[in-house]
Amino acid sequence: MNIPQSSFPRIIIIGGGFGGIALAKKLSGKDVQVLLLDKHNYHTFQPLLYQVSTGGLEPDSIAYPIRKVLQGYPNFYFRLAEVMQIDTEKRRLETNIGGIAYDYLVVATGSQTNFFGNKNIESYGMAMKTVPQSLNLRSLILENFEQALLTDDLHERDALMNFVIVGGGPTGVELAGALAEIKKGILPKDYPDLDTRRAQINLVQGSDRILPAMSEVASKKAERFLEKLGVNVWKNIRVSDYDGKQVTTNTDTSFEACTLVWAAGVKAVSIKGLDAEELLSRGSRLKVNNLHQVEGFEEIFAIGDVAQMETEEFPYGHPMMAQPAMQQGESLGENLARLVEGKSMKPFKYKDKGSMATVGRNKAVVDLKKFKFQGVFAWYVWMFVHLYFLIGFRNRVVVFINWVYNYIKFDREARLIIRPFKKEYQISKKA
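Since the model is a prediction, treat every value here as computed from it, not as a measurement.

A. Structural detail: the packing of aromatic side chains. A full pass over the atoms with the stated rule returns twelve aromatic pairs. For the pair tryptophan 379 and tyrosine 380, a centre-to-centre distance of 5.5 Å together with 55 degrees between the ring planes defines the contact as tilted. The class for tryptophan 379 is buried, based on a relative accessible area of 11%. Positioned above the aromatic ring of tyrosine 316, the side-chain terminus of arginine 282 is 4.6 Å from the ring centre. One residue, arginine 361, lies across the ring of tyrosine 407, its end atom 4.0 Å from the ring centre.

Structure (structure tokens):
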């Protein structure tokens with residue numbers, strides 16, 4: 001890897017997500033050597049991926065080069081690499097670009113879509129956890145409408161214009177709202193020779209309410225917002241299978257749709273060497289104590305989605321969201337600096353700053369500790385918070401300008417099929 005030897009302890013961070021970046025920043029200027037490894041050279045602002053999928057934003061406005069984020073930091077190194085295995089006894093990593101030893105290791109690999117072992121849904125459905133996946137979804141949506149223009153089969157046309165979003169969390173709700181706005185304001189102008197009124201957007205939730213992690217008031221209000229936008233909200237229904245067109249559920253309800261987006265769960269990204277059953281909890285998360293140390297190791301830490309720190313307030317670990325990851329990164333940064341200086345570490349205490357979700361134009365729900373509000377003001381709060389946490393001044397300006405333009409013109413100009421996307425099963429059907 002060509003990392004120079006140093007008299008300072010070497011801290012290796014695996015993952016350039018919210019937690020990894022926050023940790024690296026906190027270690028700036030400390031007497032440590034920091035090496036950050038990631039298989040991408042950019043940090044992704046995942047809360048806005050759905051806007052890339054629906055043509056509201058281009059991917060470069062929510063991604064930022066990791067090297068630029070930490071530019072000028074002393075004793076900091078970045079390598080584009082994928083970690084293959086961790087040798088905990090030798091304190092060594094094996095990657096696709098070579099091996100390297102560590103003094104302290106921080107696992108911040110984040111999460112990936114959890115299909116719960118359903119191979120058909122994994123093969124035929126669409127995930128939306130990365131920039132490439134969002135671009136694939138954008139292409140598929142647009143290609144399906146282009147294909148709908150060409151077919152004379154009414155059932156086929158309806159299936160091409162129908163969407164099933166599985167999972168009523170923030171991702172599913174925000175995507176459903178965005179698609180509903182596209183159906184209402186953009187598709188009739190783009191496809192005047194296609195009856196886009198027949199397009200259906202179905203949000204399927206396995207429990208009795210959407211946004212289950214938020215208050216009941218927020219859930220009910222969000223559901224009303226979606227229904228006003230024309231979204232079909234289905235509750236207490238679980239999708240059990242999908243063959244690329246027919247969506248099967250655990251009830252008599254079924255759907256014909258050529259686009260199924262799976263937003264029903266995530267699991268931690270595990271690494272060989274730290275994947276023993278006794279180290280993992282639900283969702284493949286690593287068990288850690290309140291100092292972020294992985295169970296059984298003093299020199300290995302985990303933060304963010306990959307870490308499960310069980311507390312009285314959070315018996316199943318902290319929410320797999322950006323805020324806990326950033327707070328854990330900052331906390332661990334302070335603790336590692338104290339550890340190097342020979343001081344005792346301080347337990348982590350999560351400060352819940354609330355949760356929010358947007359449902360579309362002038363519609364959002366916000367739950368704070370003391371206040372809960374919905375509607376236009378909540379929408380402005382949602383926009384401000386997301387702009388604030390975006391990395392890079394340019395990205396904030398670009399996203400803000402896009403939002404203002406989209407609001408005034410009721411348009412989404414990134415409706416581009418940059419790289420055509422076809423699932424293998426679609427190709428084989430036509431072959």
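B. Summary view of the nonpolar core. Judged by nonpolar contacts, the single largest core of 68 residues is most densely connected at Leu48 and Leu226. Apart from the residues lying within four places of it in its own chain, the contact partners of leucine 48 are Leu57, Ile62, Trp382, His386, Leu390, Val399 and Trp403. Counting residues in each nonpolar core, the second largest holds 30 residues, with Ile100, Leu105, Leu274 and Ala302 among its members.

C. Here's a closer look at the sheet that holds strand β16 (residues 255-256). The strand order across the open sheet formed by three strands is β14-β15-β16, and the pairing between neighbours is antiparallel. Looking at which strands have only one partner, the edges of the open sheet turn out to be β14 (239-242) and β16. In this structure, β14 lies alongside strand β15 (residues 246-249), joined through three bridges in antiparallel fashion. Along β15, the bridge assignment pairs aspartate 241 with threonine 248.

D. Seen up close, the packing of helix α1 (residues 18-26) against helix α10 (residues 322-340). Close contact between α1 and α10 brings their axes to 7 Å; oriented N to C, the two are set at 30 degrees. One way to sum up the angle between α1 and α10 is to call them roughly parallel. Here α1 and α10 pass one another in a crossing that is right-handed. Here Phe18, Gly19, Ala22, Leu23 and Lys26 of α1 come into contact with α10, specifically with Ala322, Ala325, Met326, Gly329, Glu330, Leu332, Gly333, Glu334 and Leu336.

Calculation criteria
- Residues numbered from 1 in each chain as written.
- Predicted model: local features only at pLDDT ≥ 70, side-chain atom pairs only at ≥ 80, totals over all residues.
- Heavy atoms only, no water.
- Phe/Tyr/Trp six-rings, centres within 6.5 Å; stacked < 30°, edge-to-face > 60°.
- Buried < 20%, exposed > 50% of the residue type's maximum accessible area, 1.4 Å probe, protein only.
- Lys NZ or Arg CZ within 6 Å of the ring centre and 35° of its normal.
- Core = buried A, V, L, I, M, F, W, Y, C linked by side-chain atoms within 4.5 Å.
- Contact = heavy atoms within 4.5 Å.
- Pairing = 2+ DSSP bridges.
- Helix = DSSP H or I, 4+ residues; strand = E, 2+ residues; numbered from the N terminus.
- Axes fitted to C-alpha atoms, helices over the stretch in contact; angles between N-to-C directions.
- Parallel < 35°, antiparallel > 145°, perpendicular 65-115°, else oblique.
- Left-handed = near helix turned anticlockwise from the far one by under 90°.

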